[in-house]
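Observations on the three-dimensional arrangement
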Amino acid sequence: MKKLRNAWLLAGGLAVAMFAQSAKGQARADALGWKLGAQAWTFNHFTLAEALDKMDSCGIQYVEAFPGQTIGGGIEGKMDYHMAPDKQEKVKELFKKKHKVLMAFGVVVPNSEAEWRMLFDFANRMGIQSITSEPQPEYLDLISSLCDRYNIKLAIHDHPKPSPYWSPEAVLKAIEGRSKLMGACADIGHWVRSGLDPVECLKKLNGRIVSLHFKDLNEKSEKGHDVIWGNGVCQIPKVLETLKAQKFKGLFSAEYEYNWDTNVPEVKESAAFWRTMVSNL
């Protein structure tokens, strides 16, 4: 009985210590203006409603939704900027019910002026703060004006080469002379897959980073796959130190593209690692 009591006391002490560490990390993140979220693509084998529950089990509050995910939760259809206003309201209620904050939407690439206007109108009504995209060059001036009109950010995402935006230089060229609300969605894992150093990429984009798709990979190659943060080659501690030095404020979207059906424990452990690192910055 004594051994059992001691085991319970030890477990209780560990739980209290873990909660305290998490609270410290969250307080430090708040002070830095950092928000830990998740790209719903991490849970794309499930409905959006199920994805929100999985994020909750990982201690993640903020969400980047993606187009095409089945909504679920009693709502028919898919998450999409073409949704009728009444369905948009239902989705907003779903987020409220699940105690989650919809902050970003993407990766989405409209192919006409009318579609871009529709997307920004949707983002405005949904309270979305940034749109993640790999826009066609002919729409960049329009996007710039829409960013300023709606006060919504456009984050250019870097899929690996030969994607047109695989390098920081390509992103900088696209936003040059345009709205200050246009910048980069820094996918650090994709940079590594393209043979780039994520820390050096962040330095090149200093001041123009809107958000991040946060990853750690098992190897420096195009075949690298996600691992629990801190166990890979993406230099997570240096990445966080660089962002702090740049006074970055914004969303870190956990995007874990591995073990699709069973990745909740890995996302949860990654989130805990992030908070531990942040608490020490």
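Up top is the structure.
Residues numbered from 1 in each chain as written. Predicted model: local features only at pLDDT ≥ 70, side-chain atom pairs only at ≥ 80, totals over all residues. Heavy atoms only, no water.

1. Notes on the overall build of the protein
Across its full length, the protein carries 10 helices and 10 strands. For 281 residues, the compact-globule formula gives about 19 Å, and the C-alpha radius of gyration of the protein, at 19 Å, lands near that figure. Along the first, second and third principal axes, the C-alpha atoms of the protein reach 70 × 45 × 35 Å. A burial count over the protein gives 50% of its 281 residues as buried. Look at the contacts in the protein between residues 6 or more apart in sequence, and 72% of them connect residues 24 or more apart. Here the protein contributes 36 positive and 33 negative side-chain charges, whose respective centroids are spaced 8 Å apart. (Helix = DSSP H or I, 4+ residues; strand = E, 2+ residues; numbered from the N terminus. Rg over C-alpha atoms; globule rule 2.2 N^0.38 Å. Buried < 20%, exposed > 50% of the residue type's maximum accessible area, 1.4 Å probe, protein only. Contact = heavy atoms within 4.5 Å. Lys, Arg positive; Asp, Glu negative; His and termini not counted. Charge placed at Lys NZ, Arg CZ, Asp CG, Glu CD.)

2. Things to note about the sheet that holds strand 8 (residues 182-187)
Read around the barrel, eight strands follow the order 1-2-5-6-7-8-9-10 and close on themselves; strand pairing throughout is parallel. With strand direction ignored, the average angle separating the axes of adjacent strands in the sheet is 30°. In this sheet, strand 6 (residues 130-133) lies alongside strand 5 (residues 101-105) in parallel orientation, the contact comprising two bridges. Within the sheet, the bridge partner assigned to Phe105 lies in strand 6 and is Ile131. Running over the sheet, helix 10 (residues 264-279) touches strand 1 (34-39), strand 9 (209-214) and strand 10 (250-254) and is turned about 165° from strand 1. (Pairing = 2+ DSSP bridges. Axes fitted to C-alpha atoms, helices over the stretch in contact; angles between N-to-C directions.)

3. Focus on the layout of surface pockets
Roughly 240 Å³ of volume is contained in the second largest pocket. Looking at the second largest pocket, it is lined by 13 residues, and the ones nearest its centre are Met103, Gln129, Lys153, Lys249 and Gly250. Of all the secondary structure elements, the ones that give two or more residues to the lining of the second largest pocket are strand 9 and strand 10. Partitioned by chemical class, the residues of the lining of the second largest pocket number four nonpolar, six polar and three charged. (1 Å grid on protein atoms, 1.4 Å probe; cavity = no way out; pocket = protein on both sides within 12 Å on 5 of 7 lines; lining within 4 Å. Points joined across faces, edges and corners; volume = space filled by probe spheres on them. Nonpolar A, V, L, I, M, F, W, Y, C, P; charged D, E, K, R; others polar.)

4. Notes on the packing of helix 3 (residues 85-97) against helix 4 (residues 113-126)
At their nearest, the axes of helix 3 and helix 4 sit 10 Å apart, and the two run at 40° to each other. Here helix 3 is positioned oblique relative to helix 4, judged by the angle of their axes. The interaxial crossing formed by helix 3 with helix 4 has right-handed handedness. Contacts from Pro85, Gln88, Val91 and Lys92 of helix 3 reach helix 4 at Phe122, Arg125 and Met126. Class assignment of the residues belonging to the contact of helix 3 with helix 4 gives a composition of four nonpolar, one polar and two charged. (Parallel < 35°, antiparallel > 145°, perpendicular 65-115°, else oblique. Left-handed = near helix turned anticlockwise from the far one by under 90°.)

5. Observations regarding helix 9 (residues 236-245)
Those residues of helix 9 lying buried are Ile236, Val239, Leu240, Thr242 and Leu243. One side of helix 9 holds all its buried residues, which, seen down the axis, span an arc of 160°. Looking at the buried positions of helix 9, the neighbouring elements they touch are strand 1, helix 7 (188-193), helix 8 (198-204), strand 9, strand 10 and helix 10. Directly after helix 9, the chain includes Lys247, whose backbone phi takes a positive value near 60°. (Arc of directions from axis to C-beta.)

6. Focus on the pairing of strand 2 (residues 62-65)
Of the two faces of strand 2, the one carrying Tyr62 and Glu64 and the one carrying Val63 and Ala65 are both buried. Pairing of strand 1 with strand 2 involves three bridges; the strand directions are parallel. Its bridge partner being in strand 2, Ala38 is matched across the sheet by Val63. Taken together, strand 1, helix 2 (residues 48-57) and strand 2 constitute a β-α-β crossover, and its handedness is right-handed. Here strand 2 pairs with strand 5 via four bridges, running parallel. By the bridge assignment, Tyr62 is partnered in strand 5 with Val101. (Right-handed = clockwise from strand over helix to strand, strands pointing away.)

7. Comments concerning the packing of aromatic side chains
Taken as a whole and judged by the stated rule, the model has 11 aromatic pairs. Measuring from ring centre to ring centre gives 5.2 Å for Phe252 and Trp274, while their planes differ by 65°; the resulting arrangement is edge-to-face. Highlighted residues: Phe252 in strand 10 and Trp274 in helix 10, separated in sequence by 22 residues. A single burial state applies to Phe252 and to Trp274, both of which are buried. Taking NZ or CZ as reference, Lys54 lies 4.1 Å from the ring centre of Phe46, over its face. Residue placement shows Lys161 over the ring face of Trp166; its charged tip is 5.0 Å from the ring centre. (Phe/Tyr/Trp six-rings, centres within 6.5 Å; stacked < 30°, edge-to-face > 60°. Lys NZ or Arg CZ within 6 Å of the ring centre and 35° of its normal.)

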